[in-house]
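Residues per chain, in single letters:
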Amino acid sequence: MTAKDAYEPLTAETLGARLAGIDLLAGKVGPDPTQWDVQEVGDGNLNLVFIVKGPQGAAIVKQALPYVRLVGDSWPLPLYRAFYEYHALTREAARDPGAVPEVWHFDETQALVVMEFLSPHRILRQKLIAGERVDGLAERLGLFCARTGFRGSELSMKSADKKADVGLFSGNVEIPAITEGLVFTDPYFEAELNNHTPGLDPVIKILRDDPALKARAQRMLLKFSANTETLLHGDLHSGSVMATEDDVRVIDPEFAQYGPLGFDIGMLTANYLMAYFSQPGHRGDDLAAYQDWLLEVIEGTFAAYEAEFTRLWDNERTGMLYPAALFEDQGHSSAAARTELLAEIWQDAVSICGIEMHRRCLSLAHNADFEEIADPAIRAPLEARNLMMGRDLILNAAKIDSPRALTDLARQHNGKDVL
Ligand code: SR1
Ligand code: MG
């Protein structure tokens, strides 16, 4: 296969013959494609994902499809998302070494990325559903959000470089449009692709009948679409993280775009909270201890974020923002400015968190935390707690002034019978 060949989706049967000429893949897996064992394992919403195993090792081949896999070819989606995923992966690798899988090959025409096969890693969401703990999870993802956020912004980057990169990523229109619709807008009216668990209607009515809530969500959409503070992962939920019991990697940044610093950590927090609220549907004996651990992960993630952001502020503040020339060189501490900025990032994260909690129960793409609770009579009351907490976060973000206040609120909602 050459870069000039027209795009064609791979199959497990054709992959060996078509990709045998990629030296780095053959070098990792073995030179003879007839010895490759290829399986298509994609269970996400968008792409083909193949595990390729050979006598020398294994690789992942991820290929974009020209439509949304979850919906079918009635929803076309540009192949260019593979290009943005590739460029996001290279930036994340540079800004937080070791955080993402190694990329071995990129083919723009075929919209495919060949990368490291992470093993024995599993998708974090499945581990949380299974009640498994991951050592160092909070620290690792707190560092990831702080490093990619800080180092991808003009706190650190030269403005010319950052602005050129904003230009590059501004070509990614259709993928952010998914987030703009599915995440920020669709939950708050009867959008065509929405679905929800039977029994939730009284709670949904509260949300959809509240213009103040809708206005807050739209205010966050304005920030999301208009702020180019940093390069976001853009889809940092627990399905975009792979982990063992003590190693954590971030995958799937195809939703990468420039946006507000608080976005990634806010979305991640929502997914921890959905893991938290769904736990009674998955376990009995160790329920309270496991839920406590999930809230500790949230607090620990923000603690790691703040500590790393502060370290980078003190040591890598080389961009045009908050320059030492204005502060330290004048004998003025910049600590208060940093604290104020961190407070704003926190506020954005809290609001984004609430919105993400809503969309995963009301919009198109639900998550397995709740969906794997087969009985709607068990699922609905747990989703109702999640929805009401999301509402609190959006409406009262300004009053929730710390990660501890947020986890206290989660405990309160977890004790309420909403339906
Ligand atoms: C149509 S895509 C639905 C969702 O899957 C991705 O993982 C994103 O979260 C997107 O919103
Ligand atoms: Mg994904």
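In short, a report on the structure. (Residues numbered from 1 in each chain as written. Chains lettered and ligands numbered in written order. Predicted model: local features only at pLDDT ≥ 70, side-chain atom pairs only at ≥ 80, totals over all residues. Heavy atoms only, no water.)

Within strand β3 (residues 57–64), seven of the eight residues are buried, which leaves the element mostly enclosed by the surrounding structure. Bridge count between strand β2 (residues 47–54) and β3: eight bridges; the pairing is antiparallel. Within the sheet, the bridge partner assigned to V49 lies in β3 and is K62. Pairing analysis gives five bridges linking β3 to strand β7 (residues 112–116), with the strands arranged antiparallel. Bridging from a neighbouring strand, V61 pairs with V114 of β7. (Buried < 20%, exposed > 50% of the residue type's maximum accessible area, 1.4 Å probe, protein only. Helix = DSSP H or I, 4+ residues; strand = E, 2+ residues; numbered from the N terminus. Pairing = 2+ DSSP bridges.)

Strand order in the open sheet formed by three strands is β8-β10-β11, with antiparallel pairing between adjacent strands. Across the chains shown, the open sheet's two edge strands, defined by having one partner strand only, are β8 (122–123) and β11 (248–250). Looking at chain direction, strand β10 (residues 241–243) and β11 are connected through three bridges and run antiparallel. Residue M242 lies in a different strand from β11, and its bridge partner there is R249. In this fold helix α5 (residues 137–151) packs onto β10 and β11, with an angle of close to 30 degrees to the strand it touches most, β11. (Contact = heavy atoms within 4.5 Å. Axes fitted to C-alpha atoms, helices over the stretch in contact; angles between N-to-C directions.)

This model, assessed by the stated rule, comprises 28 salt bridges. Its salt-bridge partner being D96, residue R147 comes within 2.8 Å of it at the nearest N-O pair. Highlighted residues: R147 in helix α5 and D96 in the loop between α3 (81–95) and β6 (103–107), separated in sequence by 51 residues. Taking the relative accessible area as the measure of exposure, R147 reaches 18% and is therefore buried. Residue D96 is classed as buried on the basis of its relative accessible area of 0%. (Salt bridge = Lys/Arg side-chain N within 4 Å of Asp/Glu carboxyl O.)

Relative to the elements of secondary structure, E371 occurs in helix α13 (residues 368–371). On a C-alpha basis, the gap between E371 and V71 in space is 17 Å, while along the polypeptide they are 300 residues apart. Beyond its immediate stretch of four places on either side in the chain, E371 contacts H366, R379 and E383.

Next up on the list: the side chain of E356. Assignment of secondary structure puts E356 in helix α12 (residues 335–362). Engagement of the side chain of E356 in a polar contact is seen with the side chain of R359, the distance being 2.9 Å. Beyond its immediate sequence surroundings of up to four residues, E356 is in contact with V183, H237, M267, A270, N271 and M274. (Polar contact = N/O pair within 3.5 Å; in protein donor to acceptor, adjacent residues only side chain to side chain.)

Relative to the 22 Å expected for 16 residues at 1.5 Å per residue, helix α9 (residues 211–226) spans 22 Å between its end C-alpha atoms, a close match to the ideal helical length. L213, A217, M220, L221, K223 and F224 are the residues of α9 that are buried. Along the axis of α9, the buried residues cluster in a sector spanning 160 degrees; they form a single face. Between the side-chain oxygen of the N-cap and the backbone nitrogen of A212 there are 3.0 Å, and the N-cap of α9 in question is D210. (Expected span 1.5 Å × (residues − 1). Arc of directions from axis to C-beta.)

Right, let's talk about the site of ligand 1 for a bit. Near ligand 1 you find N45, L46, V68, I178, L182, D235, H237, F255, R359, R360 and A365, and these make up its full shell. N45 places a polar side-chain atom, nitrogen or oxygen, 2.7 Å from an oxygen atom of ligand 1. Within the side chain of H237, an N or O atom sits 3.4 Å from an oxygen atom of ligand 1. In the complex, 95% of the free accessible area of ligand 1, which totals 320 Å², lies under the protein chains. Contributions of two or more residues to the shell around ligand 1 are made by α7 (174–183) and α12. Of the residues that constitute the shell around ligand 1, the class distribution is six nonpolar, two polar and three charged. (Near = heavy atom within 4 Å. Areas by Shrake-Rupley, 256 points an atom, 1.4 Å probe, with all protein chains shown as cover. Nonpolar A, V, L, I, M, F, W, Y, C, P; charged D, E, K, R; others polar.)

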